[in-house]
Amino acid sequence: MKENMHFDTNGGTKSSRIVTNTDTAKVDFPIVGIGASAGGLEALIAFLSNVPKNSGLAFVIIQHMEQMRKDILVELLQSATSMKVVQAVENLSVQPDYVYVIPPNKEMSIQHGVLRLFDFIMPYTLHLPIDFFFRSLANDQQERSIGVILSGMGADGTSGLRAIKEKGGVVFIQEPSSAKYEGMPRSAIEAGLADVVSPAETLPSKIVSHLEQMPLIYSVDKDLAETELSSYDRIMILLRSQTGHDFSSYKKNTVDRRIDRRMGVHQIDKITTYVRFLQENPQELELLFKEFLIGVTSFFREPTEWELLKEKAIPALLAERAPTNTIRVWVSGCATGEEAYSLAIVFKEVLEQLKPSQDFSMQIFATDLDREAIDKAREGVFSANIAEDMSAERLNRYFVKVDRGYQVIKTIRDMVIFAQQNMIKDPPFTRIDILTCRNLLIYLTPELQKKLMPLFHYSLNPGGFLFLGSAEAVGNFTDLFKPLDRKSRLYKRRQPLLQAEPVKFPTSFAPAQAATNQSVKVQNIQSLADKLILQFYSPPTVLVNAKGDILYITGRTGKYLEPAAGKVNWNIFAMAREGLNYKLSNTFYKALRQKEAVTYKNAIVKNEGGSQMVDITVNPLKEPEALRGMVMIVFTDVDTPNVIETTNPAGRITANSPREAELERELMQARQVWQVASTEMQISQEELKSSNEELQSSNEELQSTNEELSTTKEEIQSLNEELKTVNFELQANLDELSLANNDMKNLLDSTKIATLFLDNSLCVKRFTNQMSVVSKLISSDAGRPITDIASDLFYPELTEDVGEVLRTLNTVEKQVMSYNGCWFNARILPYRTLEDKIDGVVITFVNITESKVLEAELRQTKLALEQRIIDQGEELVQVNDSLQNEMKLSHREVAAGKEPK
């Protein structure tokens, strides 16, 4: 099924020095590419410390590093593994049991097992070295490529992993929950690229197990037995029943590689075991289906072709098109929509350059088999690494920055209509001006490719353009398409001399091979038995058309028919032996007139054995449908001795000489010929009358149908106007909804109040940007339970309070403190819909830190005043006591007759 991969589990010959080499010898050991970013050091140490000794693997680490960490990373990783850890240099030949680390501020690729370094110039684009290396690894190692993604922020590596999957390689991802930063692992998993997801410390053992399993698979499947071929057919049947799609038209080598990869991931060495695994695990069928649909696409892939499209194809269409006529485009196999949006952007640029004052429109139909890819394409949100695929001008003009990367602007998104379609069996789009089918044909069988080219020709308008991938061509259909230049994959539609009918694809597929083989065996037995019976037990029979031309013969008819002398003539009347000529013709035309079987009894035919008496039966066939209009003539021998015709027909005069007898026979033959001709003329006249009446009736029916079609056309036009009106109303509603959403977003942002919306299951529905102050929420947390999300607040009873609000519909309000010392007023109230239904809760967090600080200051001021009042009160008491004592002393002195002081 594919080449055996040599995997040396003993490590082979190990070198202790760095080898630089520019040779192009093929590497015969696995090379593992590892991508890591922020927080990747811990993951790398955990990974390398669990790689078994003498594994025979080579590891190339691509990490985002700063210049000052040039030597530190190598030293730290060397302490975690017994393998030799070195920093990569130019033209370094990769060796097994080595770890190679990319230098800072460099980009690195691999070619024929040799590392190549490139200076990274700080430009307008992002630095994505992991994607860059993974793409080169996929091209260099093909199906043997292995990609690993560890902890990191952003989405670097996702695009490169897609290239590895496209080439049939395998992808290992660190479990996001075990990563310090889960951005890169989660991006790869959400893109559907992960074969194995596991913590960093267990990934090495899974890689080794996968590689040890693969040679067993290839050796077993090298010469497939009949049972294994049956297992392959069963996999196709299981996929068809589960997904509704059949992959029997895909190249078998491609399908085999995808199946082998899934078997290797699950460490299954027999295809029969994998069939049982598929039957017991329906989710594996979905993963296998996704495996077949992995597509590599990007914006403006192969820029030269896009420039040709921009400079020649689209201007040619605009030059011949009125502004009112919409340009129609079909992007087949659009995947996640990059090429469809690229085409819309190019059209926009051409229109602004050539005819800025005219309002041309383009309608792009983008189709694919994968529903999830269509949904992603319709959303129009792409990772930040698309900055590598286009200029900064295009990026700033046609994209807006969002949380997950960049989103295509609304005017471009409105130009594209996405739909799910199976190009092989679904009806094609018609009246198309540009049809793109890039890097899809290479996965289909040559037979199917030959059917698709006439279909593409049928779909395109005269002068339309076909845009293929770099590895595809129109093949032998040069009479249908011509290239714009010698090296281009952009073709223009030709008008062939002979117009062919469009290809009609079946809506269902053939049954399983086993059932078909059994049916063929039964049909072969039946056919042989019928042939034997016709040969030995049935009378000689001839099948002719209405003119007597022989179509089919069964049995031995040599006694009744012989080829006439001269030019070959297969008409039965010319081949009839003496004695049958006119008896056969009379019976034949009589049967045609009466439209039923007619038998002529006891006709005498002369042949080499003398004279033989025979019955001739002429039967005009009405059934089956395929034989209607034909005539079956059956010759049945009469069991009597050979006779000589001595009887004299009534009214016939006995000839006196051989000459008279000969003249008499010729006269009777002439009369019979005249009678046959007269009969044929009468039949023709009757048929012409009948045909004339049928034509008059058909004419009346056509007139009636024409009137009905005119009425239907008017109704359709009216319905079309109604649909346009409804469409305008819907568009207006969408604009109003978009405006309302913008107003609501600005309103919530302007309040600077952290707001969180939860559903009845306490899962996050949406939140405002201010929530980042109180929680670690990100856009991908939508749908996660609130209990799984870390919070900066001392609020352990949040879940209980939310449940209390949902149960009692009463508002709960509390003041809670965060870990950084800030205070928030938490208010929980029910979420009521316009229909007055409860659909979760709304939680608001208002920052009251300043109020709390003022409150504390006021409290301290109050205490100080109270203390001062108390102190002053004590002083007043002391003064009062002193005065009272003095007054008492004065009273005593007065009482004693002394003068008070």
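Our structure's up above, just so we're on the same page.
Quick caveat, the model's predicted, so the values are computed rather than measured. (Residues numbered from 1 in each chain as written. Predicted model: local features only at pLDDT ≥ 70, side-chain atom pairs only at ≥ 80, totals over all residues. Heavy atoms only, no water.)

**Focus on the overall build of the protein chain**
Inclusion rule: Secondary structure follows DSSP: runs of H or I at least 4 residues long count as helices, runs of E at least 2 residues long count as strands, and numbering of each begins at the N terminus. Each residue's exposure class comes from its accessible area (1.4 Å probe, protein chains only) as a fraction of the maximum for that residue type: buried when under 20%, exposed when over 50%, partly exposed otherwise. Here a residue-residue contact requires only that any non-hydrogen atoms of the pair lie within 4.5 Å. With residues, only the protein chains shown are counted as cover, and all accessible areas are computed by Shrake-Rupley using a 1.4 Å probe.
Tallying secondary structure elements over the protein chain gives 22 helices and 30 strands in all. Across the 901 residues of the protein chain, 41% fall into the buried class. Counting contacts in the protein chain only where the partners sit at least 6 residues apart, residues at least 24 apart contribute 65% of the total. In the structure as shown, the protein chain presents an accessible area of about 50,500 Å², 53% of it carried by carbon and sulfur atoms.

**Some details on the packing of aromatic side chains**
Definition in use: Each Phe, Tyr or Trp ring (for Trp, its six-membered ring) is paired with any other whose centre lies within 6.5 Å, and the angle between the two planes then decides the class: stacked below 30 degrees, edge-to-face above 60, tilted in between. To sit over a ring, a charge needs its Lys NZ or Arg CZ within 6 Å of the ring centre and within 35 degrees of the ring normal.
Inspection of the entire model under this criterion finds 18 aromatic pairs. Summarising the aromatic geometry, the rings of Phe300 and Trp306 are spaced 5.8 Å apart at their centres and angled 75 degrees between planes, so their arrangement reads as edge-to-face. Overall, the relative accessible area of 6% leaves Phe300 in the buried class. Pairwise contacts between aromatic rings join Phe299, Tyr341, Phe382, Phe399 and Phe418 into one cluster. Positioned over the ring face of Tyr831 is Lys765, at 4.2 Å from the centre of the ring.

**As for helix α8 (residues 252-265)**
Helical geometry: 3.6 residues make up each α-helical turn, so side chains three or four residues apart lie on a common side. The condition is simple: For a helix, the expected span equals 1.5 Å multiplied by the residue count minus one.
The end-to-end C-alpha distance of α8 is 20 Å, a good match for the 20 Å that 14 residues give at a rise of 1.5 Å each. For α8, a buried count of 11 out of 14 residues is recorded, marking the element as mostly surrounded by other parts of the structure. Listing the buried residues of α8 in full gives Thr254, Val255, Asp256, Arg258, Ile259, Asp260, Arg261, Arg262, Met263, Gly264 and Val265.

**Some thoughts on the packing of helix α3 (residues 129-141) against helix α4 (residues 158-166)**
Cut-off, in case you're wondering: Each axis is a line fitted through C-alpha atoms, and for a helix only the stretch in contact is used; angles between axes span 0 to 180 degrees, taken between their N-to-C directions. What sets the label is the angle itself: under 35 degrees gives roughly parallel, over 145 gives roughly antiparallel, 65 to 115 gives roughly perpendicular, and the rest give oblique. Any residue outside Ala, Val, Leu, Ile, Met, Phe, Trp, Tyr, Cys, Pro, Asp, Glu, Lys and Arg is labelled polar, Gly included; the first ten of those are nonpolar and the last four are charged.
Where α3 contacts α4, the axes come no closer than 7 Å and their chain directions differ by 10 degrees. As summarised for this structure, α3 and α4 are arranged roughly parallel, according to the angle between their axes. Of the residues in α4, those touching α3 at Asp131, Phe134, Arg135, Leu137 and Ala138 are Thr158, Ser159, Gly160, Leu161, Ala163 and Ile164. Of the residues that constitute the contact of α3 with α4, the class distribution is 6 nonpolar, 3 polar and 2 charged.

**Section: the pattern of salt bridges**
Opposite charge on two side chains makes pairing possible when the charged atoms of those side chains draw close. Rules: The salt bridge definition used is simple: a Lys or Arg side-chain nitrogen within 4 Å of an Asp or Glu carboxyl oxygen.
Counted by the stated rule, this structure contains 20 salt bridges. In this structure, the salt-bridge partner of Arg394 is Glu349, at a minimum N-O distance of 2.7 Å. One end of the pair, Arg394, is in helix α14 (residues 392-398); the other, Glu349, is in helix α12 (residues 338-354), with 45 residues separating them in the sequence. Pair check on accessibility: Arg394 and Glu349 agree, each one buried. Arg378 is the salt-bridge partner of Asp375, the closest N and O atoms lying 3.3 Å from each other. You can see Asp375 and its partner Arg378 sitting in helix α13 (residues 371-379), 3 residues apart, about one turn around the helix.

**Regarding the pairing of strand β14 (residues 399-402)**
Heads up, the condition is: We treat two strands as partners when DSSP finds at least two bridges between them.
In the sheet, β14 pairs with strand β15 (residues 405-408) via 4 bridges, with the strands oriented antiparallel. Paired with Lys401 across the bridge in β15 is Tyr406. Hairpin connection from β14 to β15: 2 residues lie between these consecutive antiparallel strands.

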